[in-house]
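# Summary of the model geometry
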Amino acid sequence: MSISPLPADPTLDEIRAALAPIIARNAGFDGWSDAAVHAAADEAGVDHDVTKLAFKDNAIDMIDAWIDSIDLELVHRLPAEKLAAMKIRDRITALLATRLEIMAPDRESLRRAMAIMAMPQNLVRSAKIGWRSADRMWRLAGDTASDFNHYTKRMTLSAVYASTLSVFVNDDSDNFADARAFLDRRIDNVMQFEKVKFQAKQRQEYVPSLSRFIGRLRYPAR
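Scope of this entry: the structure provided in the associated data block.

### A short note on the overall build of the protein chain
- Along its length, the protein chain carries 11 helices and zero strands.
- Considering the protein chain as a whole, with its 222 residues, one finds that 40% of them fall into the buried category.
- Considering only contacts in the protein chain between residues 6 or more positions apart, those separated by 24 or more positions represent 67%.
- Accessible surface, the protein chain: about 12,800 Å² in total, of which carbon and sulfur atoms supply 57%.

### Details of the packing of aromatic side chains
- As enumerated under the stated definition, the model contains three aromatic pairs in all.
- With a centroid separation of 6.1 Å and 35 degrees between ring planes, the pair formed by Trp 131 and Tyr 151 is classed as tilted. Taken together, the positions of Trp 131 in helix 8 (residues 123–140) and Tyr 151 in helix 9 (residues 148–168) put the pair 20 residues apart, joining distant regions of the chain.
- On the accessibility criterion, Trp 131 (30% relative accessible area) is partly exposed.

### Digging into the environment of Ala 35
- Structurally, the position occupied by Ala 35 is in helix 2 (residues 34–44).
- Owing to a relative accessible area of 38%, Ala 35 belongs among the partly exposed residues under this scheme.
- With 12 residues separating them along the chain, Ala 35 and Ile 23 place their C-alpha atoms 9.0 Å apart.

Here is what the cut-offs are and how they apply
Residues numbered from 1 in each chain as written. Predicted model: local features only at pLDDT ≥ 70, side-chain atom pairs only at ≥ 80, totals over all residues. Heavy atoms only, no water. Helix = DSSP H or I, 4+ residues; strand = E, 2+ residues; numbered from the N terminus. Buried < 20%, exposed > 50% of the residue type's maximum accessible area, 1.4 Å probe, protein only. Contact = heavy atoms within 4.5 Å. Areas by Shrake-Rupley, 256 points an atom, 1.4 Å probe, with all protein chains shown as cover. Phe/Tyr/Trp six-rings, centres within 6.5 Å; stacked < 30°, edge-to-face > 60°.

Right, here's the structure in full:
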């Protein structure tokens, strides 16, 4: 993953963006802890007291920043012009598969992050983080829905992503072939679901209006 260089006088947001991938690299050994933050700060030349302000000694803040950095890396690896040449199914597949590629070197960190995110006190925050990533992926895929579809697409993709990660962290197959096959099957489910929704919407549009029918009985067209 590319690391954001720090400007001369960085803001806390810029420090978080720069340190998050380095913290993830260390979290596989030190956990999502102060030790991982301090190791990242030493590597980037950031004062330890400043990192306390950036991450507040909070594991979920570190994980949130890491996932945010993955979202940004996704934009870098799959720019709009590259995605535009693909069919919608291929766009979603590419976005999710590329996320796995980005996280692959830090799989142990991911395993630990998932355990922390599953803690009761972190469930709401974790759901928001997952929704944010799903929203960003759909937007990268070109989705502009603002109706009910906006929510169902993101809910479905969040579920697919979460279930794929559960397979991915335990996948010992070559080049994560099992996780990729699982992902392909789940995306097939998403596409089928979207097709059913579209067909249902089409049928609804052609359902005769009862009030219009009654109105015509009372006032027949001449």
